[in-house]
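A look at the structure
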Amino acid sequence: MTVYFIGAGPGDPELITVKGQRLVRSCPVILYAGSLVPDAVLAGHQAGLVVNTAELTLDQIMDLLTQANAAGKDVARVHSGDPSLYGAIGEQIRRLKALGIAYEIVPGVTATAASAAALGVELTLPGVAQTVILTRYGSKSKMPPGEDLADLARHQATMAIHLGVRHLASIVAELLPHYGADCPIAVVYRASWPDERRVTGTLADIVGKVSGTEIERTALILVGRVLTAEDFADSTLYAG
């Protein structure tokens, strides 16, 4: 058997890949992160066992994977977004390797890509930004050396910040010295879901704008000049 770590995308059930959808519909066992993956992603499945793992411990999840392995049944292990980014699959993979259980990662659409699409922007523009930094805010656990926001902000690249909207004021304070008060910033809540919300502004006013909403989690922060840039060179891609 094989455990397939499937990226279900950011929320819109149509943003799962064709391969991911095929596996969800064919695997006899499905373990999915119900708090972040909508039920519609599982539409058309024929699994005999479907488990929402939102409330399960790692040990409990591994017990289910071990049982499926003993029965020779492939598992669709469905995560939100792309499982290689903040998907908490590393510890599962480590245990699968120790047990000699085969696995495969099926990529998914990231929250960053969905947020850019919602805002209608390109995150890399000639002469403005050619680098995108995906990171998170280190609130519960410290960031590795050199990866604090202030260190990353020195590059002035387009930045996508996960898990930080509750600490927006602190994030802005760290970004301001490097990006400037007039730098565009956007907070996208539940990108691609029916209740998606977008709040845009600058580092000078975004905290006030978001404080008037109920956005407290499941939001991505995008910052960078690309968000409002108009005066940039054409790409050489279409040059004659």
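Residues numbered from 1 in each chain as written. Predicted model: local features only at pLDDT ≥ 70, side-chain atom pairs only at ≥ 80, totals over all residues. Heavy atoms only, no water.

Per an unreviewed UniProt entry, the protein chain goes by Precorrin-4/cobalt-precorrin-4 C11-methyltransferase and derives from Silvimonas terrae. Quoted verbatim from the Pathway (unreviewed entry) field of the UniProt record, the comment on the protein chain reads "Cofactor biosynthesis; adenosylcobalamin biosynthesis." (UniProt positions renumbered as here; feature names shortened; annotations may be inferred.)

1. Comments concerning helix 4 (residues 111-119)
Listed as buried for helix 4 are Thr112, Ala114, Ser115 and Ala116. One or two steps after helix 4, the chain reaches Gly120, where phi turns positive at roughly 70°. (Buried < 20%, exposed > 50% of the residue type's maximum accessible area, 1.4 Å probe, protein only. Helix = DSSP H or I, 4+ residues; strand = E, 2+ residues; numbered from the N terminus.)

2. Considerations on the nonpolar core
Core analysis: the biggest nonpolar cluster contains 25 residues, and Met159, Leu175, Tyr179, Val187, Leu203, Ile206 and Val223 have the highest contact counts within it. Every element with two or more residues in this core is listed here: helix 5 (149-153), strand 7 (158-162), helix 6 (168-179), strand 8 (184-189), helix 7 (206-211) and strand 10 (219-223). Broken down by element, this core gets its largest block of residues, five residues, from helix 6. Every residue in contact with Val223, bar those within four places of it in the chain, is listed here: Ala157, Thr158, Met159, Leu175, Tyr179, Cys183, Pro184, Ile185 and Leu203. Counting residues in each nonpolar core, the second largest holds 17 residues, with Tyr4, Cys27, Ala33 and Ala76 among its members. (Core = buried A, V, L, I, M, F, W, Y, C linked by side-chain atoms within 4.5 Å. Contact = heavy atoms within 4.5 Å.)

3. Examining the sheet that holds strand 9 (residues 197-202)
Spatially, 6-7-10-8-9 is the arrangement adopted by the five strands of the open sheet, whose pairing is mixed. Since the sheet does not close on itself, it has two edges, and those belong to strand 6 (132-136) and strand 9, each with one partner. Along the sheet, successive strands turn relative to each other by an average axial angle of 15°, direction set aside. Strand direction decides the pairing type here: strand 6 and strand 7, joined by five bridges, are parallel. What sits directly across from Leu134, in strand 7, is Ala160. With respect to the sheet, helix 4 is in contact with strand 6, strand 7, strand 8, strand 9 and strand 10, its orientation differing from that of strand 10 by roughly 70°. (Pairing = 2+ DSSP bridges. Axes fitted to C-alpha atoms, helices over the stretch in contact; angles between N-to-C directions.)

4. Here's the deal with the packing of aromatic side chains
Going through the model one piece at a time under the given rule, you end up with one aromatic pair. Between Phe5 and Tyr103, the ring centres sit 6.3 Å apart and the planes meet at 70°, which makes this aromatic pair edge-to-face. Taken together, the positions of Phe5 in strand 1 (residues 2-7) and Tyr103 in strand 5 (residues 102-106) put the pair 98 residues apart, joining distant regions of the chain. Judged by its relative accessible area of 0%, Phe5 is buried. Sitting over the face of the ring of Trp193, Arg190 holds its NZ or CZ atom 3.9 Å from the ring centroid. (Phe/Tyr/Trp six-rings, centres within 6.5 Å; stacked < 30°, edge-to-face > 60°. Lys NZ or Arg CZ within 6 Å of the ring centre and 35° of its normal.)

5. With respect to helix 1 (residues 18-26)
Every buried residue belonging to helix 1 is among Gly20, Leu23 and Val24, and all of these are buried. The buried side chains of helix 1 occupy one side of the element, clustering within an arc of 100° when seen end-on. (Arc of directions from axis to C-beta.)

6. Overview of the packing of helix 2 (residues 58-71) against helix 3 (residues 90-99)
Running from amino to carboxyl end, helix 2 crosses helix 3 at an angle of 45°, the nearest separation of the two axes being 11 Å. Relative to helix 3, the element helix 2 lies oblique. When you trace helix 2 past helix 3, the crossing you get is right-handed. Along the contact surface, helix 2 presents Leu58, Asp59, Ile61, Met62, Leu65 and Thr66, while helix 3 presents Glu91, Gln92, Arg95, Leu96 and Leu99. Its residues assigned to classes, the contact of helix 2 with helix 3 shows six nonpolar, two polar and three charged. (Parallel < 35°, antiparallel > 145°, perpendicular 65-115°, else oblique. Left-handed = near helix turned anticlockwise from the far one by under 90°. Nonpolar A, V, L, I, M, F, W, Y, C, P; charged D, E, K, R; others polar.)

7. Considering the UniProt feature "domain: Tetrapyrrole methylase" (unreviewed entry) in the protein chain
Look at the UniProt record and you will see "domain: Tetrapyrrole methylase" (unreviewed entry) annotated at residues 2-206. For the annotated span residues 2-206, helix accounts for 29% and strand for 22% of the residues, and the straight-line distance between the end C-alpha atoms is 45 Å.

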